[in-house]
Amino acid sequence: MNGQPVHLAAVLGHELRNPLAAAMTGASLLRELLDTGDPRLPTVAGVLRDLGRIDRLLTSWLDFARTGQLRREPVDLAALLREFTSATVTVDVVADDVSVAGDGSLLRRVFANLIENAQAAGAHNVQIRLEARSGGLLRVRIDDDGPGIPTDRAAGLFTAGVSHRGSTGLGLAIVQTTITAHGGFVRCEPRPRGGRFVIELAALAAPAPVHATMA
Ligand SMILES: Nc1ncnc2c1ncn2[C@@H]1O[C@H](COP(=O)(O)OP(=O)(O)OP(=O)(O)O)[C@@H](O)[C@H]1O
Ligand SMILES: [Mg+2]
């Protein structure tokens, strides 16, 4: 991704900060007005949680755009991936205590983007698998049962502005920028059926495999 989208992120971050703060204040006020046990409380709490996530994401992008440096904190990758578990998304973790040094807000968006893409392409199911590889690497594989990606298209998809569905074509460019800034790799791998993206990141500490995996 060239500097343009990062610059755009900084502009958006700057412009969204005040309305976002107002929305968070409003939602906090609403939470205080509701009695304990009010059935609307979980919804308000969910809105507050999501607004908080947007706020942290904006801070991360603004800092990254300004300094070119990422926030580096221990991120439990297994826990982060398990947040995506749903009726249509399975998360299979075959290593324990798997942390990376990075920015959890940005990494969460990486997997959200890949899942959103799979679903937008028509996938019904997404399978995420996290495993420990040799050399202190963690590998995340995101498979889907959608139409897949023609081999000759795969490499170009990471270029900003490339969309085959009339969208902005920024998702994979953001994914690549984020993963590269974390010192990792992302690639689209060919499969006989369905889409597959693979991400490799350095583990913070030597991960302990839960059980031996087939090569
Ligand atoms: N899992 C997938 N299955 C099939 N095609 C995919 C998959 N993931 C990405 N693609 C293709 O890659 C293109 C680029 O993806 P990218 O996320 O960069 O942009 P987009 O989804 O089109 O737009 P945006 O993310 O900005 O809304 C998509 O338009 C789609 O054609
Ligand atoms: Mg996308």
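Residues numbered from 1 in each chain as written. Chains lettered and ligands numbered in written order. Predicted model: local features only at pLDDT ≥ 70, side-chain atom pairs only at ≥ 80, totals over all residues.

Chemist: So what's going on with the overall build of the chain? Residues and values would help.
Modeler: Each helix and strand in the chain was counted, giving 6 helices and 9 strands. Taken over C-alpha atoms, the radius of gyration comes to 19 Å for the chain, in line with the 17 Å a tight globule of 215 residues would show. The principal-axis extent of the C-alpha atoms belonging to the chain is close to 55 × 40 × 35 Å. Taking all 215 residues of the chain together, the buried fraction comes to 27%. Taking the intrachain contacts of the chain between residues at least 6 apart in sequence as the baseline, contacts between residues at least 24 apart amount to 70%. (Helix = DSSP H or I, 4+ residues; strand = E, 2+ residues; numbered from the N terminus. Rg over C-alpha atoms; globule rule 2.2 N^0.38 Å. Buried ≥ 20, exposed ≤ 12 C-beta atoms within 10 Å, placed from the backbone. Contact = placed C-beta atoms within 7 Å.)

Chemist: Describe the site of ligand 1, with residues and values.
Modeler: Taken together, 22 residues are adjacent to ligand 1, and Ser 163, His 164, Ser 167, Gly 171 and Gly 195 come closest. Secondary-structure elements contributing two or more residues to the shell around ligand 1 are α4 (104–120) and α6 (171–181). By residue number, the principal contributor to the shell around ligand 1 is α4, which donates 4 residues. Here the shell around ligand 1 is composed, by residue class, of 10 nonpolar, 10 polar and 2 charged. (Near = placed C-beta within 6 Å. Nonpolar A, V, L, I, M, F, W, Y, C, P; charged D, E, K, R; others polar.)

Chemist: Break down the packing of helix α2 (residues 41–67) against α4 for me, citing the residues and quoting the values.
Modeler: The geometry of α2 relative to α4 is characterised by a closest axis approach of 8 Å and an angle of 105° between their N-to-C directions. Looking at the two axes, α2 sits roughly perpendicular to α4. Each of Arg 53, Arg 56, Leu 57 and Ser 60 in α2 lies in contact with α4, whose residues at this interface are Ser 105, Leu 106 and Arg 109. (Axes fitted to C-alpha atoms, helices over the stretch in contact; angles between N-to-C directions. Parallel < 35°, antiparallel > 145°, perpendicular 65-115°, else oblique.)

Chemist: So what's going on with α6? Residues and values would help.
Modeler: Within α6, 9 of the 11 residues are buried, leaving the element largely enclosed by the surrounding structure. Buried residues of α6: Gly 171, Leu 172, Ala 173, Ile 174, Val 175, Gln 176, Thr 177, Thr 178 and Ile 179, and no others.

Chemist: Quick one: what's the story with the sheet that holds strand β5 (residues 126–133), residue by residue and with numbers?
Modeler: One open sheet accounts for 5 strands, arranged β2-β5-β6-β8-β7; its pairing is mixed. Of all strands in the sheet, those bounded by a partner on one side alone are β2 (89–93) and β7 (185–188). Strand-to-strand, the axes of this sheet are offset by a mean angle of 15°, without reference to chain direction. For β2 and β5, the ladder comprises 5 bridges, and the chain directions are parallel. The residue of β5 that forms the bridge with Thr 90 is Gln 127. (Pairing = 2+ DSSP bridges.)

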